[in-house]
Amino acid sequence: MEHGKDKNWTITVVDDKISNAFVLSCGSIFVFTGLLSICEDDEGDSASRLAIILGHELSHVLLNHSAEQASFLHLLDLVLIIPVLAIWALIPTDATTVFSQWLIGKMTDLFLTLPFGRSLEAEADYVGLILSARACFDVRECVIWKKMQLMNSKDIQIELFSTHPSEESRFESLQKQLPAALDIRENCKCPKLSAFDLEKRIRAIESKFETQKMDDLLVPIKIDLIDGRK
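No experiment lies behind these values; they were computed from the predicted model shown.

Caption draft 1: Geometry of the pairing of strand β3 (residues 28-32). Most of β3 sits out of view: four of its five residues are buried. Where strand β1 (residues 10-14) and β3 come together, five bridges link them in parallel fashion. Bridge assignment links Val-13 to a residue of β3, and that residue is Val-31. Bridge count between strand β2 (residues 21-23) and β3: three bridges; the pairing is antiparallel. The partner of Phe-22 across the bridge, within β3, is Phe-30. Here β2 folds back onto β3 in antiparallel fashion, the turn holding four residues, of which Gly-27 has a positive phi close to 105°.

Structure representation (structure tokens):
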């Protein structure tokens, strides 16, 4: 990750309700105000929540994931030529070639390309957590991913068909990595953290979203009273 020191890092805040952030390979960091609102919405350290998300995005650049993924896809394209040519040699028709190329492409996406993408995302989660720990942020605020999970609960996401791990599995992985991150933070001589009940914070977040869900179901009914007097 030494090449990260040579970049001219800049940060731009975009006034938009989108809850997202991304980092370009040139060092440009973009954060949407919608994400800032999510990070500031609960009790706790909002700066640490933002640091964990930005740490994830920065990790993609520092680990050169874009080049790694491009190389992987290029290699797959070269390898896939062999079965397509073999099928065409046995059944030399255009329809066979088109169908076999489509089928092999779909199977490759399902069993190679998508899992590879999820592994890169998991690696960025872990490295982002370590970067946050080394920068003395409160890594216990990785509960932000639990909040993101609840926010996206309306969207049906099947991890098997996605380039990203689900927020649920992502948070579970970060929970397992949390003790190691806290040890790194302590070894970096960071200020001691205050008491933090992770399970209690998770229950509070879940309770808040359940309340919001009930509020959304309660539709106000306007009743017009008609004066029957003449």
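Caption draft 2: Expanded view of the packing of aromatic side chains. Tallied over the full model, the rule gives four aromatic pairs. Note on Phe-22 and Phe-32: the rings are 6.2 Å apart at their centroids and 45° apart in plane angle, and the pair reads as tilted. Pair noted here: Phe-22 is in strand β2 and Phe-32 is in strand β3, with a separation of 10 residues, a long-range link. Owing to a relative accessible area of 12%, Phe-32 belongs among the buried residues under this scheme. Three or more aromatic residues joined by ring pairs form one cluster here, namely Phe-22, Phe-30 and Phe-32.

Caption draft 3: Geometry of the state of the cysteines. Scanning the entire structure with this criterion turns up one disulfide. Across the disulfide, Cys-136 is cross-linked to Cys-190 (sulfur-sulfur distance 1.9 Å). Given an S-S torsion of about -75°, the disulfide between Cys-136 and Cys-190 has left-handed geometry. Of this pair, Cys-136 sits in the loop between α4 (94-134) and α5 (144-151) while Cys-190 sits in the loop between α6 (167-187) and α7 (198-217), and the two are 54 residues apart along the sequence. When its relative accessible area of 29% is taken as the criterion, Cys-136 is described as partly exposed. As a non-bridged cysteine, Cys-188 has Cys-190 as the owner of its nearest cysteine sulfur, 5.2 Å distant.

Caption draft 4: Spatial organisation of a nonpolar patch on the surface. A cluster of nonpolar side chains, Phe-99, Trp-102, Leu-103, Met-107, Phe-111 and Leu-112, forms an exposed patch at the surface whose accessible area comes to about 630 Å². Here Leu-112 lies in helix α4.

Caption draft 5: How the structure looks around the nonpolar core. If you look at the biggest cluster of nonpolar residues, it comprises 30 residues, and the most contacted ones within it are Val-31, Leu-35, Cys-142 and Trp-145. Broken down by secondary-structure element, the contributors of at least two residues to this core are β2, β3, α1 (33-40), α2 (46-62), α4, α5, α6 and α7. Leaving out residues up to four positions away in the same chain, Cys-142 has contacts with Ile-52, Leu-129, Phe-171, Leu-174 and Leu-178.

Rules and cut-offs
- Residues numbered from 1 in each chain as written.
- Predicted model: local features only at pLDDT ≥ 70, side-chain atom pairs only at ≥ 80, totals over all residues.
- Heavy atoms only, no water.
- Buried < 20%, exposed > 50% of the residue type's maximum accessible area, 1.4 Å probe, protein only.
- Helix = DSSP H or I, 4+ residues; strand = E, 2+ residues; numbered from the N terminus.
- Pairing = 2+ DSSP bridges.
- Phe/Tyr/Trp six-rings, centres within 6.5 Å; stacked < 30°, edge-to-face > 60°.
- Disulfide = S-S within 2.5 Å.
- Patch = residues over 30% accessible without salt bridge, like charges linked within 9 Å, V, L, I, M, F, W, Y side chains within 5 Å.
- Areas by Shrake-Rupley, 256 points an atom, 1.4 Å probe, with all protein chains shown as cover.
- Salt bridge = Lys/Arg side-chain N within 4 Å of Asp/Glu carboxyl O.
- Core = buried A, V, L, I, M, F, W, Y, C linked by side-chain atoms within 4.5 Å.
- Contact = heavy atoms within 4.5 Å.

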